[in-house]
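Read off the chains here:
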Amino acid sequence: MTALKRNKKKVENSQTKPSPLKKAAKSQKPPLKKQRKGISEEKLLKKPEISTEEEEEEEEKEQSDEGSESGSDFFSDGDDEEGNNDDDEEDTERLADDFLDGSDHEEGTLGSDLDSDFGGSKLERKSRAIDRKRKMEEKDAEDEFKMNIKEIPDEFQLPTQKELEEEARRPPDLPSLQMRIREIVRVLSNFKDLRPKGDKHERTDYVEQLKADLGSYYGYNEFLIGTLIEMFPVVELMELIEAFEKKRPTSIRTNTLKTRRRDLADVLLNRGVNLDPLSKWSKVGLIVYDSQVPIGATPEYLAGFYMLQSASSFLPVMALAPREKERVVDMAAAPGGKTTYVAALMKNTGIIYANEMKVPRLKSLSANLHRMGVTNTIVCNYDGRELPKVLGQNSVDRVLLDAPCSGTGVISKDESVKTSKSADDIKKFAHLQKQLILGAIDLVDANSKTGGYIVYSTCSIMIPENEAVIDYALKNRDVKLVPCGLDFGRPGFSSFREHRFHPSLEKTRRFYPHVHNMDGFFVAKLKKMSNAMQPSENDEPVETMEQAQLLSSDDDDEELEKPPVANGQPKRESNTKENKNKQKLPRSKEIHKGQRNKNTKTESSNVEEPRKQKKKRSQWKNEIAQAREEKRKAMRENPKEKPKHRG
């Protein structure tokens, strides 16, 4: 009976009190609404930053925690209801009654279904939020790309005329210019294969656009950038232009008259100068990376132990290779770097004539000579073209001519060259250089036992100032090119566009900043074969343009001054032609006035006549011998008339 009463009480209590599952379901209903509101607010306010895998792990942890909490509540409620009754039978009966309770079971299953539904919807919402976030990011990226960067086609295309006009109105856009320059260079490097499909532009259009872009980006004028494009391939051209934008390393030359390179390097290292030997080709050069003291104001510099000198300035003196006890002329000596190097190689023996035309530069020249301890040098102030008259023709062993030039090889030192030089300037320099090199050749004695050499150099890379000048000297003097004695450097041009030079110009040497890490330079070494003014018969006889113009103008003047010829006098016409040929000879002499002795006038005129008739050397030699024999016979037969022949 007692057991039945207990069961009835339990049923009544179960009907009046909700089951633990029902409590859990009711307790979970209000948080559902709050969590839904919180999720919607989080979606609106901020985007989820946690990845889907991490969120799933967190949800599993939350569900397990909720299950443990509900279980603990369940067991705690059962303990309160039953009080302190710990019998196993009562627990089993209570669990059986709860299980058989239909309403409680339905409510419990409803709560569990709600939990499962709530968990699945939460994952879906988070995944949808992540998808929305990705879409928004992609859309923002596309909008930003369209706003900041123009749509560029896969293949490069030249800008249209309208685009160029718009660019001209605005300030230059350097990044876009640089990008376009790179694309044009890429296309021009292999135009046949890399040319865009369907592009109607020719190669010249790309070259013209490259000229304009390089001029605006690097600051070159149209003439200079056009000349450089003609001289170099586009890829090498870009390397050269980039090298011009960087400064060359500082180099010094050891004065072997006072010290050795090893000793000088040790002293400068102790003073905090970071340096290394210049290169294998120089035994006296040092390259300076940085210095804690001014490299041009050290006690060693003031004592004349070294000279601040660019590496390219070593080359002409090395090519000249002067020997002791020789007579050497430096036609453009200031500020004295090359002159002092020549004196060091000659060990202060012989004589050096250091000529400088500009008076203000004489101070630096004489100061450096005194500082470096040079004692065999005579400083003079003459125009280099007049030196043969001052020092005498065929009077020295070697001549160094570092000719004045446009300076297109030292743009890194003087950026004004980019815009200041024009085609007229190059022509003026070339004309002066041709006159100077003829004067240098006339100074040298071809019969010198140790010398007879001329070294011509410029700090320019322009062909009219270099190869064209040497070719002019080869055609107007009896000289030939010899190797410079330099193991490096590129050979000179033997042809350029429509110009064709002597094949031996390959013996000249060119130096570039992007290849040799020194200033742009040109060096040529000539050997004088004879003291004659004209080239030998083995060489091609070539008239200069000035001579041809003078002779043609003289012929026109003579035709105008000719008297009218009467009919029936053909003999006088032949006589006038002979007179013309006779009058041409003194005209050609006037071009080289002051270069021939009076005693050799008759012989030179006899030599020139067969050359113009293009006879063989043996023929005109026989004719000269016959003419001399006839003169001797005439002088023997009539000795009284001897002064008449001389006059």
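Within each chain, residue numbers correspond to sequence positions counted from 1 in written order. Thresholds applied to this predicted model are a pLDDT of at least 70 for local features of residues and 80 or more for the giving and counting of side-chain atom pairs; totals over whole chains, interfaces and linings are not thresholded and use all residues. Based on all heavy atoms of the structure, the side-chain values leave hydrogens and waters out of the count.

- As named in an unreviewed UniProt entry, the chain is SAM-dependent MTase RsmB/NOP-type domain-containing protein, taken from Arabidopsis arenosa.
- According to the UniProt record, the Sequence similarities (unreviewed entry) comment for the chain is "Belongs to the class I-like SAM-binding methyltransferase superfamily. RsmB/NOP family." UniProt positions are given in the numbering used here, feature names are shortened, and annotations may be inferred rather than shown by experiment.

**Topic: the nonpolar core**
- In this structure, L214, Y220, L228, I437, I470 and L526 are the most contacted members of the largest nonpolar core, which totals 61 residues.
- Two residues qualify as a contact provided that any one of their heavy atoms is within 4.5 Å of a heavy atom in the partner residue. Apart from residues no more than four positions distant in its own chain, I437 is found in contact with L401, Y456, V469, I470, A473 and L526.
- To form a nonpolar core, buried Ala, Val, Leu, Ile, Met, Phe, Trp, Tyr and Cys residues must be joined to one another through side-chain atoms within 4.5 Å. Each residue is placed in one exposure class: buried if its accessible area under a 1.4 Å probe, protein chains only, is under 20% of its type's maximum, exposed if it is over 50%, and partly exposed if it falls in between. Residues L278, A319, A334 and I352 belong to the second largest nonpolar core, which totals 33 residues.

**Remarks on the sheet that holds strand β2 (residues 273-277)**
- With respect to topology, 4 strands assemble into an open sheet ordered β2-β3-β1-β4, the strand pairing being antiparallel. One side of each edge strand has no neighbouring strand; the edge strands of this open sheet are β2 and β4 (306-308). If you compare each strand with its neighbour and ignore which way they point, the axes differ by 35 degrees on average.
- Bridging between strand β1 (residues 250-254) and β4 involves 3 bridges; their strand directions are antiparallel. Paired with I252 across the strands is L308, a residue of β4.
- Contacting β1, β2, β3 (285-291) and β4, helix α12 (residues 261-270) runs over the sheet at an angle of about 155 degrees to β2. By the convention used here, strands pair only if DSSP detects at least 2 bridges between them. A run of H or I in DSSP becomes a helix once it reaches four residues, and a run of E becomes a strand once it reaches two; helices and strands are each numbered from the N terminus. Axis lines are fitted to C-alpha atoms, over the contacting stretch for helices. Their N-to-C directions set the angle, which ranges from 0 to 180 degrees.

**Thoughts on the UniProt feature "binding site: S-adenosyl-L-methionine" (unreviewed entry) in the chain**
- Those residues carrying the UniProt feature "binding site: S-adenosyl-L-methionine" (unreviewed entry) are A332, A333, A334, P335, G336, G337, K338, E356, D383 and D402 in this numbering.
- For A333, a relative accessible area of 4% puts it in the buried group.
- Beyond its immediate sequence surroundings of up to four residues, A333 is in contact with T339, A354, N355, E356 and L365.
- If you trace the backbone, G337 turns up in helix α15 (residues 337-346).
- Once residues lying within four places of it in the same chain are set aside, the contact partners of G337 are R253, M307 and Q309.

**Observations concerning the packing of helix α9 (residues 203-218) against helix α11 (residues 234-244)**
- α11 packs onto α9 with a crossing angle of 10 degrees between their chain directions and a minimal axis gap of 13 Å. As the angle between them shows, α9 and α11 are arranged roughly parallel. Residues L210, L214 and Y218 of α9 touch α11, and the partners they reach there are V234, L237, M238, I241 and E242.
- Basically, the charged four are Asp, Glu, Lys and Arg, the nonpolar ten are Ala, Val, Leu, Ile, Met, Phe, Trp, Tyr, Cys and Pro, and anything else, Gly included, counts as polar. Of the residues assigned to the contact of α9 with α11, the class counts are 7 nonpolar, no polar and 1 charged. Roughly parallel covers angles under 35 degrees, roughly antiparallel covers those over 145, roughly perpendicular covers 65 to 115, and oblique covers all other angles.

**Examining the UniProt feature "active site" (unreviewed entry) in the chain**
- With numbering aligned to this structure, UniProt lists the feature "active site" (unreviewed entry) at C459.
- Among the structural elements, C459 can be located in the loop between β9 (453-458) and α20 (467-476).
- Residue classification places C459 among the partly exposed residues on the basis of a relative accessible area of 22%.
- In contact with C459, not counting residues within four places along its chain, are C405, G407, T408, G409, V410, G520 and F521.

**Regarding the pattern of salt bridges**
- Any Lys or Arg side-chain nitrogen located within 4 Å of an Asp or Glu carboxyl oxygen qualifies as a salt bridge. By the definition in use, this model includes 18 salt bridges.
- In this structure, R128 engages E124 in a salt bridge whose closest nitrogen and oxygen atoms are separated by 3.6 Å. In this pair, R128 and E124 both sit in helix α5 (residues 102-148), 4 residues apart, roughly one turn of the helix.
- Of the residues examined, R128 reaches a relative accessible area of 44% and is grouped as partly exposed.
- The partner of R490 in a salt bridge is E236, with the nearest N and O atoms 2.4 Å apart. Linking R490 in strand β11 (residues 490-491) with E236 in helix α11, this pair joins segments that are 254 residues apart in sequence.
- The partly exposed category is assigned to R490, whose relative accessible area is 33%.
- By relative accessible area, which is 14% here, E236 ends up buried.
- Via salt bridges that share partners, E167, R180 and D213 belong to a single interconnected network.

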